[in-house]
Amino acid sequence: MNRTRIAFIGGGNMAQSLIAGLIADGHEAAALTVSDPLDDKRQQLAATYGIKAAADNAAAIAEAQVVMLCVKPQSAPAVCRELAASLPHTPPLIISIMAGVTEASLCHWLGRPLALVRAMPNTPVMVQSGAIGLHANAETTPTQQNLAEEILRAGGLTRWVEREADLDAITALSGSGPAYFLLFMEALEKAGIEQGLSADTARLLSIQTALGAARMAMESDESPAQLRQRVTSPGGTTERALNAFADGGLETLVSRAVNAARQRAGELSALLGAEK
Ligand SMILES: NC(=O)c1ccc[n+]([C@@H]2O[C@H](COP(=O)([O-])OP(=O)(O)OC[C@H]3O[C@@H](n4cnc5c(N)ncnc54)[C@H](O)[C@@H]3O)[C@@H](O)[C@H]2O)c1
């Protein structure tokens, strides 16, 4: 059983999902602590998972080997400055899941250079099927990287990047990505209803088709393009639909959307970084 002592600062949606994944993976509940200012949230987390819950961030990190920063990016400066005063001489590994908060900003607010991993998860960590980008700063040892990976893997698939800036691209691709696929599912469902299907049938078939396509792409040795070709009979129905997507400029649109998200990630980093 894994007994690494982890303190979660902020017990919101993403933290809860990661905690649920760790417990499902066999992590010892008593080794996990969460701090959150909301009474209800603390009680619910303690009751659901059997973990410790604290109202005070400093108390939560007292024994921690790993501190997971899971508050909103806007809360980062105040929370980090508060933690800086309580960090022991040998600090725990810090893992931040906050979007757009750079390692330089975190170290600045935490008051010194320390081992730091930035993770960019996405909401499917809720069902242990997240896609999680990771970057470690120069102070992080290989052992600490392994530790971070072990923790985040409880939420899904992990992928390390060499350059911190790539986390902005990951935010735009997989961080925001669940919303893109859900939007497509919504559109497919609406189109099905327009074609006379009942709302229930259209929703169920749309979601199952997305799940089936994703599983097939994940489990097959063939590329998504090859798998798509197998659905597409020459002169058939799929070809007509794909031509309609091409006429509407789907690829260009997706590229523009991801670029817009990436630009926004950069803007948010600059805005938060300006708060010295
Ligand atoms: N939602 C996503 O798709 C997504 C994806 C990747 C990364 N993230 C990042 O995850 C982080 C958390 O997002 P979320 O959706 O779980 O938000 P959330 O609002 O559900 O959770 C934030 C929690 O922090 C608590 N909190 C507020 N101030 C605090 C303080 N001073 N000390 C301790 N706790 C405090 C709040 O009570 C709340 O429970 C964000 O930084 C976000 O950028 C989110």
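Residues numbered from 1 in each chain as written. Predicted model: local features only at pLDDT ≥ 70, side-chain atom pairs only at ≥ 80, totals over all residues. Heavy atoms only, no water.

As recorded in an unreviewed UniProt entry, the protein chain goes by Pyrroline-5-carboxylate reductase and comes from Thiohalocapsa marina. Of the protein chain, the UniProt comment under Function (unreviewed entry) reads exactly: "Catalyzes the reduction of 1-pyrroline-5-carboxylate (PCA) to L-proline." Under the heading Pathway (unreviewed entry), UniProt records this for the protein chain: "Amino-acid biosynthesis; L-proline biosynthesis; L-proline from L-glutamate 5-semialdehyde: step 1/1." (UniProt positions renumbered as here; feature names shortened; annotations may be inferred.)

Enquirer: Can you help me understand the nonpolar core in this one?
Expert: Across soluble globular proteins, nonpolar side chains show a tendency to be buried alongside one another. With 28 residues, the main nonpolar core has I6, F8, M68, I95, I151 and L152 as its most contacted residues. Here F8 is in contact with A15, L18, I19, L22, L32, T33, V34, S35, M68 and C70, once residues within four sequence places are set aside. (Core = buried A, V, L, I, M, F, W, Y, C linked by side-chain atoms within 4.5 Å. Buried < 20%, exposed > 50% of the residue type's maximum accessible area, 1.4 Å probe, protein only. Contact = heavy atoms within 4.5 Å.)

Enquirer: Whenever I open this one, the UniProt feature "binding site: NADP(+)" (unreviewed entry) in the protein chain confuses me. Can you help?
Expert: If you check UniProt for "binding site: NADP(+)" (unreviewed entry), the listed places come out as I9, G10, G11, G12, N13 and M14 in our numbering. Here G10 shows up in the loop between strand 1 (6–9) and helix 1 (13–24). In this structure G10 comes out as buried when scored by relative accessible area, which is 8%. Not counting residues within four places of it along the chain, the set of residues in contact with G10 comprises A15, V34, S35, D36, C70 and V71. In contact with G12, not counting residues within four places along its chain, are D36 and K41. (Helix = DSSP H or I, 4+ residues; strand = E, 2+ residues; numbered from the N terminus.)

Enquirer: What am I meant to see in helix 2 (residues 39–49) here?
Expert: An α-helix turns once every 3.6 residues. As a result, residues three or four positions apart point the same way. Inspection of helix 2 places R42, L45 and Y49 among the buried residues, and these make up the whole buried set. The buried residues of helix 2 occupy one face: seen down the axis, they fall within an arc of 75°. Pointing more than 90 degrees away from the buried face of helix 2 are the exposed residues D40, Q43 and A47. Residues of helix 2 that are buried in the fold lie against helix 1, strand 2 (32–35) and strand 3 (52–54). (Arc of directions from axis to C-beta.)

Enquirer: Hey, could you run me through the packing of aromatic side chains in this one?
Expert: Aromatic ring pairs are reported here in terms of the distance separating the ring centres and the angle at which the planes meet. Within the structure shown, the criterion is met by one aromatic pair. With a centroid separation of 5.9 Å and 50° between ring planes, the pair formed by F184 and F245 is classed as tilted. Note that F184 is positioned in helix 8 (residues 177–194) and F245 in helix 11 (residues 237–247), a separation of 61 residues in sequence. Residue class for F184 comes out partly exposed when judged on its relative accessible area of 41%. Residue classification places F245 among the partly exposed residues on the basis of a relative accessible area of 36%. (Phe/Tyr/Trp six-rings, centres within 6.5 Å; stacked < 30°, edge-to-face > 60°.)

Enquirer: Explain the site of the ligand to me, please; I cannot follow it from the model alone.
Expert: The full set close to the ligand counts 23 residues, and N13, M14, D36, V71 and A99 are the nearest of them. Contact distances for the ligand include 3.0 Å between an oxygen atom and a backbone N or O atom of N13. Residue M14 places a main-chain N or O atom 2.8 Å away from an oxygen atom belonging to the ligand. Relative to its unbound accessible area of 840 Å², the ligand is 79% covered by the protein chains. Of the residues in the shell around the ligand, the class split is 13 nonpolar, seven polar and three charged. (Near = heavy atom within 4 Å. Polar contact = N/O pair within 3.5 Å; in protein donor to acceptor, adjacent residues only side chain to side chain. Areas by Shrake-Rupley, 256 points an atom, 1.4 Å probe, with all protein chains shown as cover. Nonpolar A, V, L, I, M, F, W, Y, C, P; charged D, E, K, R; others polar.)

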